[in-house]
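Coordinate inspection notes
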Amino acid sequence: MKRKSFLLFAFPAFVLLVLAGERAATFLLGTYPASPTMWRIWLELRPLSALFWQQVDLYLSGSMALDVAIMAAVSVVCWMACRTQRSAAFFFLANHVALLFAGLMIAVSSHSETASTIAAFTAPSGLPFSLRVDFTWQNSLVLFLGTAACAYCHVAFLGETRQRSEARAMRIVALQRDL
């Protein structure tokens with residue numbers, strides 16, 4: 001099975017596209033605050049990236065130019081990684097990190113929409129969390145795409161491992177025959 005690098009990196013690229021789209025929507029919302037279309041786009045993309053950009057803005061002084069530079073650098077790294085013929089282990093890790101990131105963002109956005117104090121609890125460390133996760137069709141689609149991408153990475157990784165073990169077994173048989 002010849003693996004497709006683009007398919008292996010499609011979900012992390014999708015997550016990056018959502019993050020970049022939210023930053024662009026935030027910028028355009030600041031430029032056109034009366035536009036209902038900008039509000040709709042921003043409200044759709046914001047839950048998937050709320051915590052990430054809040055933390056970036058907190059620690060790196062909230063510059064939109066810095067956000068664009070971060071996204072450009074990560075996009076270049078993703079493009080270069082997609083173009084190389086590395087082991088599937090790199091893509092395996094990238095897809096699983098992207099899936100965990102997307103799941104965390106969905107869980108965090110669900111907590112921000114919880115209006116009941118009964119559904120929200122505080123951990124012993126003082127970190128509040130919610131038992132409710134908002135499985136809208138958008139969130140479910142993102143999680144399904146992430147799970148499918150991770151499954152494809154498992155197939156590619158196990159296929160490469162099987163090919164390496166078969167090649168090693170053939171070399172051992174040839175070495176035994178030569179001895």
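Conventions adopted
- Residues numbered from 1 in each chain as written.
- Predicted model: local features only at pLDDT ≥ 70, side-chain atom pairs only at ≥ 80, totals over all residues.
- Heavy atoms only, no water.
- Helix = DSSP H or I, 4+ residues; strand = E, 2+ residues; numbered from the N terminus.
- Contact = heavy atoms within 4.5 Å.
- Buried < 20%, exposed > 50% of the residue type's maximum accessible area, 1.4 Å probe, protein only.
- Patch = residues over 30% accessible without salt bridge, like charges linked within 9 Å, V, L, I, M, F, W, Y side chains within 5 Å.
- Areas by Shrake-Rupley, 256 points an atom, 1.4 Å probe, with all protein chains shown as cover.
- Salt bridge = Lys/Arg side-chain N within 4 Å of Asp/Glu carboxyl O.
- Core = buried A, V, L, I, M, F, W, Y, C linked by side-chain atoms within 4.5 Å.
- Phe/Tyr/Trp six-rings, centres within 6.5 Å; stacked < 30°, edge-to-face > 60°.
- Disulfide = S-S within 2.5 Å.

Re the environment of Leu 16
Following the sequence through the fold, Leu 16 ends up in helix H2 (residues 10-31). Separated by 56 residues in sequence, Leu 16 and Ala 72 place their C-alpha atoms 9.9 Å apart. With residues up to four places along the chain from it excluded, the contact list for Leu 16 reads Met 71, Val 74 and Cys 78.

Looking at the side chain of Arg 23
Along the polypeptide, Arg 23 turns up in helix H2. The class of Arg 23 is buried, set by a relative accessible area of 9%. Ignoring anything within four residues of it in the chain, the contact list for Arg 23 reads Arg 46, Trp 53, Asp 57, Met 64 and Asp 67.

So, the environment of Ala 102
Relative to the helices and strands, Ala 102 is located in helix H5 (residues 88-112). For Ala 102, the contacting residues outside a window of four places in its chain are Phe 11 and Val 142.

A few points about a nonpolar patch on the surface
Residues Leu 58, Tyr 59, Leu 60 and Leu 66 make up a contiguous nonpolar surface patch of about 430 Å² in total accessible area. Take Tyr 59: it is sitting in helix H3 (residues 36-59).

Structural notes on the nonpolar core
Counting 21 residues, the largest nonpolar core has Phe 11, Leu 19 and Val 142 as its most contacted members. Other than its neighbours up to four places away in sequence, Val 142 contacts Phe 11, Phe 14, Leu 48, Ala 102 and Ile 106.

Some words on the packing of aromatic side chains
Counted under the stated rule, the structure contains two aromatic pairs. Ring geometry for Trp 39 and Trp 42: centres 5.8 Å apart, planes at 90 degrees, overall edge-to-face. Remark: Trp 42 and Trp 39 occur in helix H3; sequence separation between them is three residues, near one turn of the helix.

Overview of the state of the cysteines
Enumeration over the complete set of coordinates arrives at zero disulfides. For Cys 150, which is in no disulfide, the shortest distance to another cysteine sulfur is to Cys 153 and amounts to 6.1 Å. A relative accessible area of 5% places Cys 150 in the buried class. A residue is classified by how much of its surface remains accessible, and Cys 153, at 1% relative accessible area, is buried.

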